[in-house]
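Coordinates in review
So the chains spell out like this:
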Amino acid sequence: MIRRPPRSTPLYSSAASDVYKRQIKEDGFKTVPKGEVCEYCGIESTETEEGTTQTQTKYIESKLHEIEISKSRAKWREDTATEDERRQLHSAVGQLRWVQRTNWEISYELSKLATWVSREDCQVADLQRANKAVRVVKEGLWRQRLNTRSWQEKGRVFLPRLPQDTPLKVVVICDAGEPKDERGYNGKWHGSFIVGLMADDWSCADGGLFVPLYARSGPVTRVAHSSFDGETLIAIEALDFAISVALLVEEFDWGVRPGLYDRALLRLEGVETEKECRVPVELHTDSEDLVSRVKKLTFDPGLKKRRKTDIADFQECVELGVLQPLVKIGGKGNPTDCMTKAMSFETRPYMRLCELVRDGWYTVEFGPGEPEADWRPRARRATKKSNS
């Protein structure tokens, strides 16, 4: 791949400025000064020196409403919902789906509501869960920090500004849980993952600015018979999405990757081309079985053929340099844990999710007894080389 001017050079800034000016003139785009609110499709964006904040305050106040349920009707939680109630629930799910762009904490509830609204056994309890999600979005979550009083904060997504002189990496955090107590459980675990960008620097090894790009919460693709199956299935899905993001970031930094035919012609001319993506991907999971089996050179006896294929895919990506060695994080500190099961909105996993999405900061939390300094050999090798 032939590299174009990096993002931090004046040449690249001048070229980007020319493109923006042409788009403004020909396509009718406009520029918004920093600090002013720009509303587009119901999303208010405000750019500052630190980054961009996205909210949906106007849409939430004017369009999002609870489903009307009488006190006598609310007592019959297991009663089947009427056609009119299901129609109201369907409308509420559509509204919640739109505001979920800036309120990632309702991802699990929204996924379950989208399933129950189409079932014949939809109950009054489902309407009440939808109303609870609406109240959380309208009123906000209670957040807590050490040595500070708790405060109630409405949903937002903060996209911090990363340094231009530092290479980027794609970080994906994933988790899976078995919803045994949920109605309609068919053997598919509930998985979730969050994909974002961070600076690929040793100083960000244990935490740093995090740009949240995408969140997914829903059933895994196949039936899982163990926690290892569920964690592996969601990790494979997360890795596929993360590699796609890494390729887009690579094209932004290095230009459009030539096709196979163009690369063959360049090699004939003596021009070296990159075979794999230059932007590394880091996958953080709380599954010890998945991390240990990817490191092994042999398969465990009795491992299913599908899981062998998945493990081989991880090992191949690590060998090619597309994926860094898997990072084992603590289960209680996993920000995606609250997106895999029903729990109170005041628990610590939701606080971790708010720190990730609303503050744009990710702190890697390891479990008890896990070596914190031994999880990034790539960064350690680079540090030793630079010191020598």
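Located above this text is the structure these notes cover.
On a predicted model such as this, the values are computed, not experimentally measured, just so you know.

Considering the overall build of the protein
Along its length, the protein carries twelve helices and 13 strands. Of all 388 residues assigned to the protein, the portion counted as buried reaches 46%.

Description of the environment of Ala-114
Its place among the elements puts Ala-114 in helix H5 (residues 107-116). Judged by its relative accessible area of 28%, Ala-114 falls in the partly exposed class. Sequence-wise, Ala-114 and His-90 are 24 residues apart; in three dimensions their C-alpha atoms are separated by 8.0 Å. Residues in contact with Ala-114, not counting those within four places in the same chain, are Val-93 and Arg-97.

Quick look at the pattern of salt bridges
Inspection of every chain in the model, using the stated rule, returns 25 salt bridges. Taking the shortest distance from any N to any O, the salt bridge between Glu-355 and Arg-352 comes out at 3.8 Å. Taken as a pair, Glu-355 and Arg-352 lie in helix H11 (residues 348-357) at a separation of three residues, close to a single helical turn. Through salt bridges with shared partners, a single network forms among Glu-105, Glu-153, Arg-156, Arg-358 and Asp-359.

Describing the sheet that holds strand E10 (residues 211-219)
The strand order across the open sheet built from five strands is E10-E8-E7-E11-E12, with neighbouring strands paired in mixed fashion. The open sheet is flanked by E10 and strand E12 (327-328), the only strands paired with a single partner. In this structure, strand E7 (residues 168-177) lies alongside strand E11 (residues 281-285), joined through four bridges in parallel fashion. Within E11, the residue paired with Val-170 across the bridge is Val-281. Sitting on the sheet, H5 is in contact with strand E8 (190-199) and E10, with an inclination near 40° to E10.

Brief notes about the environment of Asp-175
Relative to the helices and strands, Asp-175 is located in strand E7. Considering only alpha carbons, one finds Asp-175 and Pro-335, 160 residues apart in sequence, at a separation of 8.8 Å. Setting aside chain neighbours within four positions, we find Asp-175 in contact with His-190, Gly-191, Ser-192, Glu-231, Ile-234, Asp-286, Asn-334, Thr-336, Asp-337 and Thr-340.

Quick word on the nonpolar core
Among the nonpolar cores identified, the biggest contains 39 residues, and Val-170, Leu-283 and Phe-314 are the most heavily contacted of them. Sorting the residues of this core by element identifies E7, E8, helix H7 (227-254), E11, helix H9 (288-295) and helix H10 (305-320) as the ones contributing at least two each. When residues in this core are grouped by element, the largest group, twelve residues, is from H7. Once residues within four sequence positions are removed from consideration, Leu-283 is found in contact with Val-172, Cys-174, Ala-235, Leu-239, Phe-314, Leu-323, Leu-326 and Val-327.

Some thoughts on the environment of Lys-180
Relative to the assigned elements, Lys-180 resides in the loop between E7 and E8. Residues Lys-180 and Lys-341, 161 residues apart in the sequence, show an inter-C-alpha distance of 9.7 Å.

Digging into the packing of aromatic side chains
Under the definition given, this model contains five aromatic pairs. Considering the side-chain rings of Tyr-214 and Phe-241, the 4.4 Å spacing of their centres and the 20° angle between planes classify their relative orientation as stacked. Here Phe-241 lies in helix H7 and Tyr-214 lies in strand E10, a separation of 27 residues in the sequence. Where Phe-345 meets Tyr-350, the ring centres are 5.0 Å apart and the plane angle is 45°; that geometry is what we call tilted. By relative accessible area, Phe-345 is classed as buried at 3%. Taken together, the ring pairs connect Phe-193, Tyr-214 and Phe-241 into an aromatic cluster.

A word on H11
Counting buried residues along H11, eight of its ten residues qualify, which places the element largely inside the surrounding structure. Where H11 is concerned, the buried positions are Pro-349, Tyr-350, Met-351, Arg-352, Leu-353, Cys-354, Leu-356 and Val-357. Looking at the buried side of H11, the elements it contacts are strand E4 (141-143), strand E6 (157-160), E7, E8, E10 and strand E13 (361-363).

Examining the sheet that holds E6
The strands that make up a sheet pair up through hydrogen bonds in the backbone, lying either parallel or antiparallel. As summarised here, the arrangement of the four strands in space is E1-E2-E3-E6, forming an open sheet in which the pairing is antiparallel. Unpaired on one side and paired on the other, strand E1 (37-40) and E6 mark the two borders of the sheet. For this sheet, the mean angle separating the axes of adjacent strands, direction not counted, is 20°. Pairing of strand E2 (residues 43-47) with strand E3 (residues 51-55), which is carried by four bridges, proceeds in the antiparallel orientation. Paired with Thr-46 across the two strands is Thr-53, which belongs to E3.

A short note on the packing of H7 against H10
Packing of H7 against H10 brings their axes to within 11 Å, and their N-to-C directions diverge by 40°. Here H7 is positioned oblique relative to H10, judged by the angle of their axes. Along this stretch, H7 crosses H10, giving a crossing that reads as left-handed. Here Phe-228, Asp-229, Thr-232, Leu-233, Ala-235, Ile-236, Leu-239 and Ile-243 of H7 lie close against H10, whose contacting residues are Arg-307, Asp-310, Ile-311, Asp-313, Phe-314 and Cys-317.

Points about the side chain of Ser-192
The topology assignment puts Ser-192 in strand E8. There is a polar contact of 3.0 Å between the side chain of Ser-192 and the backbone oxygen of Thr-336. Leave out the neighbours within four places in its chain, and Ser-192 touches Ile-173, Cys-174, Asp-175, Arg-216, Ser-217, Ile-234, Thr-336, Met-339 and Thr-340.

The rules behind these values
Residues numbered from 1 in each chain as written. Predicted model: local features only at pLDDT ≥ 70, side-chain atom pairs only at ≥ 80, totals over all residues. Heavy atoms only, no water. Helix = DSSP H or I, 4+ residues; strand = E, 2+ residues; numbered from the N terminus. Buried < 20%, exposed > 50% of the residue type's maximum accessible area, 1.4 Å probe, protein only. Contact = heavy atoms within 4.5 Å. Salt bridge = Lys/Arg side-chain N within 4 Å of Asp/Glu carboxyl O. Pairing = 2+ DSSP bridges. Axes fitted to C-alpha atoms, helices over the stretch in contact; angles between N-to-C directions. Core = buried A, V, L, I, M, F, W, Y, C linked by side-chain atoms within 4.5 Å. Phe/Tyr/Trp six-rings, centres within 6.5 Å; stacked < 30°, edge-to-face > 60°. Parallel < 35°, antiparallel > 145°, perpendicular 65-115°, else oblique. Left-handed = near helix turned anticlockwise from the far one by under 90°. Polar contact = N/O pair within 3.5 Å; in protein donor to acceptor, adjacent residues only side chain to side chain.

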